Structures are given as structure tokens and as C-alpha cells.
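Each chain, letter by letter, is given below.
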Amino acid sequence: MSLSSWPKWLMLTALAVGILVPVLAGLGETIWAAFGILPAIGRHTLSVDAWHQLFELPGLVTSLRLSLVSGFGATLVSLMLALFGSAWVYHTSEKESSLSRLKPFSQAILVPILAAPHAAIAIGLAFLLAPSGWLARLFSPWLTAWDLPPNLATVQDLWGLSLTLGLIIKELPFLWLVSLVALKQIDVSRQLNLTQSMGYSHTAAWCKIIVPQLYPLIRLPVFVVLVYALSTVDMAQLLGPNNPPTLALATMRWYNDTNVQLLLPASAASVLLGVLIAASVLLWEVVVRTVMFTSKVMIRSGDRTGKYSIFTGVLTTALPITVMLGLLSLLVLALWSITWRWSFPDALPTSWSYNYWLQLITNVPLALQHSLIVALISSGLALTLAIAWLEVQDRFGGHFYKITLWFIYLPLLVPQIAFLYGLKVGFLRLGLNGSMMTVMWAHLLFVFPYTMLSLVDSWRALDKRYVQVATSLGRSSWSCFWRIKLSLLLRPLLLAWAIGIAVSISQYLPTLMIGAGRVESLTIEAVSLASGADRRLVGVYGLLQALVPLLAYSFALLLPRLVALKK
Amino acid sequence: MSLELRSLSVTTSTHVSLFTAVDIVIASGEVACVMGPSGVGKSTLLNAIGGHLSTHFSVTGEVLLNGEKVTHKPVVERQIGILFQDPLLFPHLTVGDNLAFGLSSNVIGSKNRRAQIEQALEQAQLQNFYHRNPATLSGGQQSRVALMRALLAQPQVLLLDEPFSKLDLELRHTMREFLFAQAKQRNIPMLLATHEPAEAQAANGPLVILMPA
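Computed from a predicted model, the values in this text were never measured in an experiment. (Residues numbered from 1 in each chain as written. Chains lettered and ligands numbered in written order. Predicted model: local features only at pLDDT ≥ 70, side-chain atom pairs only at ≥ 80, totals over all residues.)

## Things to note about the overall build of chain A
Defined as follows: Here a strand is any run of E in DSSP of at least two residues, a helix any run of H or I of at least four, and the numbering for each starts at the N terminus. Here the radius of gyration uses the C-alpha set of atoms, whereas the globule reference equals 2.2 Å times the residue count to the power 0.38. We call a residue exposed when 12 or fewer other C-beta atoms sit within 10 Å of its C-beta, buried when the count reaches 20 or more, and partly exposed for counts in between; the C-beta positions come from the backbone.
Per the secondary structure count, chain A includes 24 helices and 2 strands. Here the C-alpha atoms of chain A give a radius of gyration of 25 Å, agreeing with the 24 Å that 2.2 N^0.38 yields for 567 residues. Along the first, second and third principal axes, the C-alpha set of chain A runs to 70 × 65 × 55 Å. Here chain A holds 567 residues, and the buried ones make up 44% of them.

Shown next, in the form of C-alpha cells:
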């Protein structure tokens, strides 16, 4: 260790203190509580009572099943759709269908769904699918003969299907865009040409040649989706069944129960969720590796025909429907937010009102103020940190590159609830709970990894020879950093920032648990209003929640064009 | 077997021809060459024959394979193999599995298939390379594997888009001889895009000079 590499050590220390220690400490507190030690409620002795209590709680098995079905189902289906969608983008055929004219716009179409918080999509989807939802209204009474909303559980169904659908709709654009970015590292078109010239169909070529090269590049995002789907609380609350709910939501309810003695089994449930997630990730990886290995062996037969037709038929239908549902979910929020009167089964509101929006402008709610402050500061900090970390890696070499990446992504790979509760306890002890600062920092834990995830590939792909040329022309390394790197990377930097805004706005648990009710947010407001009756107000909050990140994205996508035009 | 091009050209979406129309007949075992200034569209011509043109381009004239028109046949059914400048060995498969992927499905039985692949490796002087990772092979070795993979698919025609241009001079010479021998042995027509007069001369077959239209 030489003295001149101090920025590297400073960075490593900051990451350890800022992320690793608190996450592990939070997990530690939770694990202690799961084994009976929670001084706050006067428990000081090690015991496994909490576990006995947990296993006696009603509905635990159902909760486990619900979490597994929605978690694996959503991850599997959204990954399939994303891979199929990517294949579609690269498919050139002489017969152009009407949908293929949308190809150049496919990324633009996905951005609103990508930008919208999970809760906004979930609320919108509920407004679509509910028995009194927009879809039922559109087809009633002329097709369904319903004059009143039917008595069907189309949302919050017992099997968690609507929850799974909501997760698929929200995760598809993420996995799709991540795949399209990763595919740029593979020579896709020529490999497809080559494979097809050997007699393999486009689908066979995609499955046998492209997917096995693509998957290792998107492994981490897929894990992130799996972990999120297994541990989401806000989406489960809005779309999942109520009694019993998924394990994550059940855990949250036990934590919030008025009976403080439930805190111990709740902590045990947190630990159980953590174990469930670790086992799921492991199982997923084992299955993926087995499938990859088998397909490599199957390649040896040289079989060109492959029976994909049923499969591609299903995906061809499912893909546009999934994207449409996502867009309609946002549209229905917008509709409700300007509705005055909209009775069943009218297809559209009969009278309109902008009152809620006017009120919002004249009297900006605390939730919007707090959300904006937290989002702007945490995304700005995350971007600065990401740039600092990458620049330090560039200048001082990356001996710890891999391991620090795992540090950074850690908060996305452990269930939020499992360490946030422990952190809350820790903060309470230090008297730091419920301040804006701690909420921002809790957001940063999630904003920073997503910012890194979106920035790291573009940063590494930047041709280092530009910098070498500039240095050889006598520029200092600071000047290179500002004038070469940051200006060449303007677009990905702004995008990473916008993603940071979107992630911060969508956070539910960190604000709720660390904010201790004193820090408001659009998501908390939208989720709690969603259980109420006023769809117009929910529409306003849901849409607002989606609009803030969408504005950030638009800014990130348009500014580089304006700069380019000026040149 | 033969490949025939009848006043073949490629036009852009604005109906501008890229190069003057090509007429040529290539018989089995012959290696014809396409020459022309860089950027004139040698690769585009090969893509038109193989059916790999992007939708921005369209083909005029005809491509005939053994007298049958295949100009608008889907790539998958054409049986026209192609070799690019880069070997494009699939990085997730071993050398042997790359060849197995190419080997025609007419060859059945895993033992039989394995024997054919070993034989191909032997011809390419790559015995005991079955389990190697393609990335560990030298440029010349990779090119030989790519060529064998294309041939194992039993194409009716093989198109070669400057396949050896990235190799050094000496290696290029050896590869060329290897290629010509394979054309004779497999008895199929080949079309080689090149910018080297020496290569065209050595091919000793029909010659197309591509000129901008």
C-alpha cells in the first residue's frame, strides 16, 4: 500500500462504512431478535421461541407458497418475454407485420413503464383489472351484459396471479432494456446470419447461440428481479391476496402489529425470508446451469428443426399484451386523476374535473416536497459516488473490483425488510430515527447500486485511447476527466441519474421504516390512499409518482440532443 | 452443382444500384473471386447471394443454384454457407461442439457424428482440439475451425468474405491452399471476395470485377 493511492482506500472505507457495515449490522439486529434478543421490549435471553411462534402463526405455509409462486413466476415469465422481445428486435424478415414498424420506437415505448414506480403500475393495474375496472367498463354491458361490477376476485386473487402479472409488467421493460444493452457486446447480426446459413431458424439460432452468451451478462439484473419479486411489500399490498398475504407482507404486518411480542416472530419471519431468497437464488442458478448444460449437449445432434412454434406463438401474443397493460395502467391513472363522475359501466368518465391538480399546485403537499428533496439529493449523491468510484478504479487500478461490486449490490440482493428493521432499531437507539438525513441515506443504499448498474458498462466501454490521446497532448488528468470522460459520457450519466430519481421515488419500505412516519413520500401516500375509496385522489398520487421519474428520463434523453444540436 | 448469377445487383431503398450487374457461372470445385475497390459492395453482393441483406436493400436479377432460382428463398432453406472476416467461433461452445453445431443433421448417431468431427479436426491439423475453448486458439487455427464448421453443414455453395485478411502473409498462403483443396475435395462452387490480385490468381477460377454503378 503506497500513500499515493489514498483515494482508493478512502473509497473502500466509505463503501464499507456506508453500505457493508450498516447492512450487516441491520441483518445482525434482525437475527438477534429472531433468536429472542430485543432489549427494547425487555428480551435479553437467547431462545428459539420466536421460531415456534412463527410456525404456529396461521397461514405461514400459504404465505410461503404465494411468495414462491409470484417470485419465480414473475421472474421466469418476464425473463422469457424480455429474451423473446430482444430476439424480435433483431429479427429481420421480408414480411413486415404492422407491429414491426414499432421496432425503432420499442425503447421509447418501454421508458414510461420503466420510469414508473412499482406502486404506480400496481395501482393502475388494479384500476384496470378490478371487477369495476376500466377493462370491465370497456366491455360492458354490450359484451358481458354486466350492469353492475361482477362478483369476481380479479385483483388480490387467492393465487397471487394479479400480483405476478403486475410484477411481470413492471420487470419486463427493465430486463428487456438491460438485455438490449448487453447484446451490444455480442456480434449478434453476423452470428445470426452465420447460424441461419447453416440451416437453423431464427428462433433456433437465438435459443442455441445468442441466449447462452447473453445470459451471463444479465445474470445480476435477473437476480435483482428475483429478489425483488420475492420480497416486495408495496406491490403485494396492492395486488396480492390479503389473508394470508405473501411472506414479505405478512412479516411487515407482524412488525406493525400492536402486540409488540409479535416483533420476535416477525424478525424470525424476516430471517426466514432471507433464507428463502438465498435458497431461491441458488435453485434458480442450479436450474439455469442445468438447462445450459443440457442445451449444449443437445446442440451436438445438429438438429435444426426445433419445436418452438407453440412457444413462440404464446410469446408473440403475450408480449404486446404485457406492454399494453403497462401503458394502460398509467393511462387509467391519468384518466381517474381528471375525472369528476365516472359510473359503471361507462367506458369513459361522463364529467371531468381538474380540481385535485389545481389544489396540488396551490398547496404543494408535503409528500411531493419530501419525495423531491430525497430523490434529488440521493440521486445526486449516488451519481457523484459512482463517478468517484469508477474514476478511482481507472486511476489506481481495481484489485478489489469484483468484491466492491458485490458490496455495492448487496442491498439489492438481501430482502429489504430483513435489514431495514434492524437498522430502524439501531437508529432508534442512536436517536436518529425519522430524520430526513437518515431517510436519504437509506434511499442511497438502493439508489447507488442501480446507478452503478446502469453506468458501469458505458463507463468501461469508453475507448480509453481518447484519454491517452488527450494526455499525450499535455492535458492533465483532471482536465481529461472533465473534458473527455464526462462530456463523452453525458448521455449515460444523465440516464444513470434519472434511474436514480426513479428508484428513489419508488422506495416504499425505506421511507416507511426509517422515516418513522415523520418523512412523507408520494409512494407511501399512494399506497395508503389505494385502500380508500377515492379513485380520483389515488389517480393523482399514482400519476404524480410516475410523472416525476418520467420528467427526469425525458430530461436525460433530451438534453444530450440539445447539446448536440448546439454544436 | 453450380452457382449462377444473372444480372444480379443490389439497390437501396431509394432505388439506387450499388454496383453494375453481375453475370457469372461457377461450376463445382471452382473458386471464383470478386474483386473491386473497398466499399464498392463486395460484402453486400455476398449477403445478397446468401440471403442476409437487411430490409433496407433489395435484390435485382437472379441467383440460381443448380439451375433453380433461389433469389428470394429464406436463408434457412438456401444451403449457402458463408465465412466472414472473423472466424466467429461461438465462445460458449468448445471447438468440437462448434463443429458439431455445424455438422449437418443428415449425419445421425452420436458415434458417427463424433467420428466425422474428429476427421474434420484431423484434416485441419487440429487433432485433440475437441475440448479446447476457441478463445485459446491462434488466429490461423480459429480460421481453420470456422472453415471446417461451414463445410460440415454440407452447403451447396460456400461464400467467403475476405476470410483470411486478418492473418499474416505466410499463414494466409497456407489457408488459401487448404481452402482450394477443400473446394476440389467437396466438389462445390465457392465465391471468394478479396482485394488481393495474388489471391485471385491463385484461385484460378472465374473473376468478377465489381464496379460502382
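## A closer look at the overall build of chain B
This is how the line gets drawn: Here the contact rule is simple: place C-beta atoms from the backbone, and any two residues whose C-beta atoms are within 7 Å are in contact.
Within chain B, the regular secondary structure consists of 7 helices and 9 strands. Computed over C-alpha atoms, the radius of gyration of chain B comes to 17 Å, within 12% of the 17 Å expected from 2.2 N^0.38 for 213 residues, which places it in the range of a compact globule. Projected onto its principal axes, the C-alpha coordinates of chain B cover approximately 50 × 35 × 30 Å. Looking at the 213 residues of chain B, the share that counts as buried comes to 45%. Taking the contacts inside chain B whose residues are at least 6 apart along the sequence as the reference set, 73% of them involve residues at least 24 apart.

## Overview of the interface of chain B and chain A
Rule in force here: Charged residues are taken to be Asp, Glu, Lys and Arg, nonpolar residues to be Ala, Val, Leu, Ile, Met, Phe, Trp, Tyr, Cys and Pro, and polar residues to be all remaining types, Gly included.
With 26 residues of chain B at the interface, the matching set in chain A holds 22 residues. Those elements that place two or more of their residues in the side of chain B that touches chain A are helix H2 (75–78), strand E6 (80–83), helix H3 (95–102) and helix H4 (110–123) of chain B. For the side of chain B that touches chain A, the leading source of residues is H3(B), giving 4 residues. Taken together, the residues of the side of chain B that touches chain A sort by class into 13 nonpolar, 11 polar and 2 charged.

## Observations concerning the confidence of the model for chain B
The following threshold applies: Residue-level confidence of the predictor is what pLDDT reports, using numbers from 0 through 100.
Confidence along chain B averages 92 in pLDDT terms, with 100% of residues attaining 70 or more. Note on the complex model: pTM 0.92, ipTM 0.92.

## A word on the sheet that holds strand E3 (residues 31–35) of chain B
Residue and element names in this part refer to chain B. What counts, and what does not: Pairing between two strands requires that DSSP report at least two bridges joining them. Here the axes come from fitting lines to C-alpha atoms, over the contacting stretch only for helices, and the angles between their N-to-C directions go from 0 to 180 degrees.
In space, the 5 strands of this open sheet follow the order E6-E7-E8-E3-E9, with parallel pairing throughout. Of all strands in the sheet, those with a lone pairing partner are E6 and strand E9 (207–209), marking the two edges. The average angle at which neighbouring strand axes cross in this sheet is 15°, direction not considered.

## Quick look at the sheet that holds strand E4 (residues 58–65) of chain B
Residues and elements named next belong to chain B. The 4 strands are arranged E2-E1-E4-E5 in an open sheet whose pairing can be described as antiparallel. Among the strands making up the open sheet, the edge pair consists of strand E2 (22–27) and strand E5 (68–69). As defined by bridge partners, strand E1 (residues 2–11) adjoins E4 across 7 bridges and the pair is classed as antiparallel. Following the sheet pairing, Ser 9 is matched in E4 by Thr 60. With respect to the sheet, helix H1 (residues 42–50) is in contact with E1, E2 and E4, its orientation differing from that of E1 by roughly 120°.

## Here we look at unusual backbone geometry
Here the residue pair A:Ser140 and A:Pro141 is connected by a cis peptide bond, since its omega of -10° sits within 30 degrees of zero. Omega for the peptide link from A:Asn243 to A:Pro244 comes to 0°, which places this bond in the cis form. Residue placement: A:Pro244 occurs in the loop between helix H10 (234–239) and helix H11 (247–256). For B:Asn66, which is not glycine, the phi torsion reads 50° and is therefore positive.

## A few points about helix H5 (residues 118–129) of chain A
This is how it is decided: Expected helix span is given by 1.5 Å per residue-to-residue step, counting one fewer step than there are residues.
Taking 1.5 Å per residue as the helical rise, H5(A) with its 12 residues ought to reach 16 Å, and the 16 Å between its terminal C-alpha atoms agrees with that figure. In terms of burial, H5(A) is largely enclosed, as 12 of its 12 residues are buried.

## Describing the packing of helix H4 (residues 106–115) of chain A against helix H24 (residues 535–566) of chain A
Residue and element names in this part refer to chain A. Condition: Each angle receives one of four descriptions, namely roughly parallel if under 35 degrees, roughly antiparallel if over 145, roughly perpendicular if within 65 to 115, and oblique otherwise. Two helices that cross are described as forming a left-handed crossing if the nearer one is turned anticlockwise from the farther one by less than a right angle, and a right-handed crossing if clockwise.
Running from N to C, H4 and H24 cross one another at 135°; their axes reach a closest spacing of 8 Å. Comparing the axis directions of H4 and H24 gives the class oblique. When the axes of H4 and H24 are compared, the crossing they make is right-handed. Residues Val 111, Pro 112 and Ala 115 of H4 form the contact with H24, whose participating residues are Ala 546, Pro 549, Leu 550 and Tyr 553. The residue makeup of the contact of H4 with H24, split by class, is 7 nonpolar, no polar and no charged.

## Points about the environment of A:Leu158
By the secondary structure assignment, A:Leu158 is in the loop between helix H6 (134–138) and helix H7 (161–183). A residue is classified by how many C-beta atoms lie within 10 Å of it, and A:Leu158, with 13 of them, is partly exposed.

## So, the pairing of strand E8 (residues 190–193) of chain B
Residues and elements named next belong to chain B. Of the two faces of E8, the one carrying Met 190 and Leu 192 and the one carrying Leu 191 and Ala 193 are both buried. Here E3 runs beside E8; their pairing, made up of 4 bridges, is parallel. By the bridge assignment, Val 34 is partnered in E8 with Ala 193. Bridge count for strand E7 (residues 157–161) against E8 is 4 bridges, and the pairing is parallel. For Leu 160, the partnering residue across the bridge sits in E8 and is Leu 192.

## Considerations on the pairing of E1(B)
Note: E1(B) against E2(B), 5 bridges, orientation antiparallel. Among the inter-strand pairings, B:Leu8 is bridged to a residue of E2(B), identified as B:Val22.

## Digging into the packing of helix H23 (residues 522–530) of chain A against H24(A)
All names here are of chain A. Their axes nearest at 9 Å, the elements H23 and H24 cross at an angle of 150°. Relative to H24, H23 is oriented roughly antiparallel. Both H23 and H24 take part in a crossing whose hand is left-handed. Within the contact between the two elements, H23 uses Leu 522, Thr 523, Glu 525, Ala 526, Leu 529 and Ala 530 and H24 uses Leu 537, Val 538, Tyr 541, Gly 542, Leu 544 and Gln 545.

## Some points on the environment of B:Gly36
By the secondary structure assignment, B:Gly36 is in the loop between E3 and H1. Sequence spacing of B:Gly36 and B:Ile209 is 173 residues, and the spatial spacing of their C-alpha atoms is 5.5 Å.

## Structural notes on the environment of A:Ser100
All names here are of chain A. Tracing the sequence through the fold places Ser 100 in the loop between helix H3 (60–89) and H4. Its 16 C-beta neighbours within 10 Å are what place Ser 100 among the partly exposed residues. A sequence separation of 12 residues divides Ser 100 from Trp 88, and the C-alpha atoms of the two residues are 8.3 Å apart.

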